[in-house]
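Residues per chain are reported as follows:
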Amino acid sequence: MKIKQIRDIVRKDVPIYYRRLFTGILELELVGKSVDRNIDFTIETMPTGLNQVSVTIAEPVDYPLVPLMRELKQFITDLDENGGLPG
């Protein structure tokens with residue numbers, strides 16, 4: 001399993017300043033084939049200053065969910081730190 005990219009990322013308006021909601025299309029490579037899935041994810045800044053990432057995948061994925069979510073949360077964290085998310 002390899003996460004290629006998250007494309008068409010759109011930030012939703014939320015009145016809570018410490019929570020950012022996004023939607024996008026996740027591109028995965030699973031056993032040599034490309035799979036696209038709609039996702040929603042939230043980045044919430046905790047009182048300690050750390051960010052907590054939550055992800056929801058709209059359609060089922062034929063891959064174990066725990067390692068996929070771990071990789072996906074790290075991918076989103078890296079995108080956020082490198083300025084790859086819309087402001």
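Higher on the page you've got the structure.
Residues numbered from 1 in each chain as written. Predicted model: local features only at pLDDT ≥ 70, side-chain atom pairs only at ≥ 80, totals over all residues. Heavy atoms only, no water.

## Looking at the packing of aromatic side chains
This structure, assessed with the given rule, holds two aromatic pairs. Look at Y17 and Y18: their rings are 5.5 Å apart centre to centre, the planes differ by 90°, and that puts the pair in the edge-to-face class. Residue Y17 is classed as exposed on the basis of its relative accessible area, which comes to 76%. Seen from their ring centres, F22 and F41 are 5.1 Å apart, and the 20° between their planes marks the pair as stacked. One end of the pair, F22, is in strand β2 (residues 19-30); the other, F41, is in strand β3 (residues 33-45), and 19 residues separate them in sequence. The class for F22 is buried, based on a relative accessible area of 1%. Relative accessible area serves as the criterion here: at 0%, F41 is assigned to the buried category. (Phe/Tyr/Trp six-rings, centres within 6.5 Å; stacked < 30°, edge-to-face > 60°. Buried < 20%, exposed > 50% of the residue type's maximum accessible area, 1.4 Å probe, protein only. Helix = DSSP H or I, 4+ residues; strand = E, 2+ residues; numbered from the N terminus.)

## Section: helix α1 (residues 65-81)
An α-helix turns once every 3.6 residues. As a result, residues three or four positions apart point the same way. With 17 residues, α1 extends 24 Å between its outermost C-alpha atoms, agreeing within 8% with the 24 Å of an ideal straight helix rising 1.5 Å per residue. Within the sequence span of α1, burial applies to L68, M69, L72, I76, L79 and D80. In an axial view of α1, the angular spread of the buried residues amounts to 100°, which keeps them on one side of the axis. Exposed residues lying more than 90 degrees from the buried face of α1 are V66, R70 and E81. On its buried side, α1 packs onto β1 (2-12), β2, β3 and β4 (51-57). Backbone geometry just after α1 places G83 at a positive phi near 75°. (Expected span 1.5 Å × (residues − 1). Arc of directions from axis to C-beta. Contact = heavy atoms within 4.5 Å.)

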